[in-house]
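# Examining the three-dimensional arrangement
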Amino acid sequence: MNDKDKLVELTRVADPVEADLLAAFLEADGLEFQMRRSARTMAPAFPTAQSATIFMVYEADVTRAQALLEEYSRAQAATTPPDSIDSDETDA
């Protein structure tokens, strides 16, 4: 088995919507990958029972895939509003 045939884990994503966004990002760059989801992930009626979606990439593509994952994470962080407003700013 060569590096092109062997799949390795890139990351796990707990939120199914986030997993779909990451998949679209990776697809847009032409990266070959597989998503492995359990049946529980597909059951939105039970969010506490969800398990992570596992992203698998070919071993030969790991370095590129990790760089894309970092780029995706930076882009998501830049567009995500803060969870809460600092109380020091509101006390003035």
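Structure: above.
A brief report on the enclosed structure follows. (Residues numbered from 1 in each chain as written. Predicted model: local features only at pLDDT ≥ 70, side-chain atom pairs only at ≥ 80, totals over all residues. Heavy atoms only, no water.)

## Observations concerning the packing of helix 1 (residues 16–28) against helix 2 (residues 62–79)
Look at helix 1 against helix 2: their axes get within 11 Å of each other, and the N-to-C directions meet at 125°. On the basis of the axis angle, helix 1 is oblique to helix 2. Helix 2 is crossed by helix 1, and the crossing has right-handed handedness. Along the contact surface, helix 1 presents Glu 18, Leu 21, Leu 22, Phe 25 and Leu 26, while helix 2 presents Leu 68, Leu 69, Glu 71, Tyr 72 and Gln 76. In the contact of helix 1 with helix 2, the residues fall into seven nonpolar, one polar and two charged. (Axes fitted to C-alpha atoms, helices over the stretch in contact; angles between N-to-C directions. Helix = DSSP H or I, 4+ residues; strand = E, 2+ residues; numbered from the N terminus. Parallel < 35°, antiparallel > 145°, perpendicular 65-115°, else oblique. Left-handed = near helix turned anticlockwise from the far one by under 90°. Contact = heavy atoms within 4.5 Å. Nonpolar A, V, L, I, M, F, W, Y, C, P; charged D, E, K, R; others polar.)

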